[in-house]
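# Coordinate inspection notes
The residues making up each chain are set out below.
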Amino acid sequence: MSFEADVVAWLPQLRRYARALTRDAAWADDLVQDTAERALTRVRAFRPDSNLRAWLLTILRHIYLDQLRAHREIALDDEHGPWQALEAPSGQVDSLVLRDVQRMLYRLPLEQREVLLLVCVEELSYQEAASVLGVPLGTVMSRLSRAREQMRSMLVEGAPRRPTNLQAVRNTK
């Protein structure tokens, strides 16, 4: 396969990652297009013995961060962000759970969210994620650990509290 065909083959995964980062289809599509364009125009910068997916994800992430810096008014960690108003179709419990998980994901700091998306959604190895993010392997591991712990904590806090059997017995006495 040609380099161009290899890049095209990774477009769906790039789009999924971009959508997870931005929660905006148009912005995600623009990011993917910019990523593909940059990769194709800078093919000489790619080392054939390296991981193309990690290289493409790195380009996408750099473009994303550049755009965030250029538009300071975009705050993905904002508790009033557009994802807070997402509504699930009525009667679909799975959609409600997904919406809650999405809200929790966007409450994570960007560094933790990126690692969680790369490792858990994109299924990159820790080493590949470290390469994409430009951080040491240990940093990936600690960010992922903190992200998972924070997600667990938010899930517990957000879940309705049910009395344990012992509490229920005490309350009836």
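Let us look at the structure shown here. Here the structure is a predicted model, which means the values were calculated and not measured.

Thresholds applied
- Residues numbered from 1 in each chain as written.
- Predicted model: local features only at pLDDT ≥ 70, side-chain atom pairs only at ≥ 80, totals over all residues.
- Heavy atoms only, no water.
- Core = buried A, V, L, I, M, F, W, Y, C linked by side-chain atoms within 4.5 Å.
- Buried < 20%, exposed > 50% of the residue type's maximum accessible area, 1.4 Å probe, protein only.
- Helix = DSSP H or I, 4+ residues; strand = E, 2+ residues; numbered from the N terminus.
- Domains from an automatic or database assignment.
- Contact = heavy atoms within 4.5 Å.
- Salt bridge = Lys/Arg side-chain N within 4 Å of Asp/Glu carboxyl O.
- 1 Å grid on protein atoms, 1.4 Å probe; cavity = no way out; pocket = protein on both sides within 12 Å on 5 of 7 lines; lining within 4 Å.
- Points joined across faces, edges and corners; volume = space filled by probe spheres on them.
- Nonpolar A, V, L, I, M, F, W, Y, C, P; charged D, E, K, R; others polar.
- Axes fitted to C-alpha atoms, helices over the stretch in contact; angles between N-to-C directions.
- Parallel < 35°, antiparallel > 145°, perpendicular 65-115°, else oblique.
- Left-handed = near helix turned anticlockwise from the far one by under 90°.

## Considerations on the nonpolar core
- Residues Trp-55, Tyr-64, Leu-118 and Val-140 are the most contacted members of the largest nonpolar core, which totals 46 residues.
- Breaking this core down by element, the ones donating at least two residues are helix H1 (3–9), helix H2 (11–22), helix H3 (25–41), helix H4 (52–70), helix H5 (93–105), helix H6 (110–121), helix H7 (126–133) and helix H8 (137–158).
- Top contributing element to this core by residue count: H4, with 11 residues.
- Residue contributions to this core reach at least three from each of two domains, namely domain 1 (1–81) and domain 2 (92–159).
- Ignoring anything within four residues of it in the chain, the contact list for Val-140 reads Val-115, Val-119, Tyr-126, Ala-129, Ala-130, Leu-133 and Val-135.

## Concerning the side chain of Arg-143
- Considering the arrangement of structural elements, one finds Arg-143 in helix H8.
- Residues within four places of Arg-143 in sequence aside, it is in contact with Glu-111, Gln-112, Val-115 and Val-135.

## Considering the pattern of salt bridges
- Counted by the stated rule, this structure contains 7 salt bridges.
- Between Asp-49 and Arg-47 there is a salt bridge, and its shortest N-O distance comes to 4.0 Å.
- Since its relative accessible area comes to 56%, Arg-47 is described here as exposed.

## Looking at the layout of surface pockets
- In this structure, the largest pocket spans a volume of roughly 230 Å³.
- Lining the largest pocket are 13 residues; nearest its centre among them are Ala-20, Arg-23, Leu-105, Leu-117 and Val-121.
- Listing elements by their share of the lining of the largest pocket, those giving two or more residues are H2, H5 and H6.
- With 4 residues, the single largest contributor to the lining of the largest pocket is H5.
- By residue class, the composition of the lining of the largest pocket is 9 nonpolar, 1 polar and 3 charged.
- Two domains each provide a minimum of three residues to the lining of the largest pocket, namely domain 1 (1–81) and domain 2 (92–159).

## So, the packing of H2 against H3
- Running from amino to carboxyl end, H2 crosses H3 at an angle of 135°, the nearest separation of the two axes being 8 Å. Relative to H3, the element H2 lies oblique. As H2 runs across H3, the sense of the crossing is right-handed. Together, Leu-11, Leu-14, Arg-15, Ala-18, Arg-19 and Thr-22 of H2 and Ala-25, Trp-27, Ala-28, Asp-29, Leu-31, Val-32, Thr-35 and Ala-36 of H3 make up the contact between the two elements.
- Residue composition of the contact of H2 with H3, by class: 9 nonpolar, 2 polar and 3 charged.

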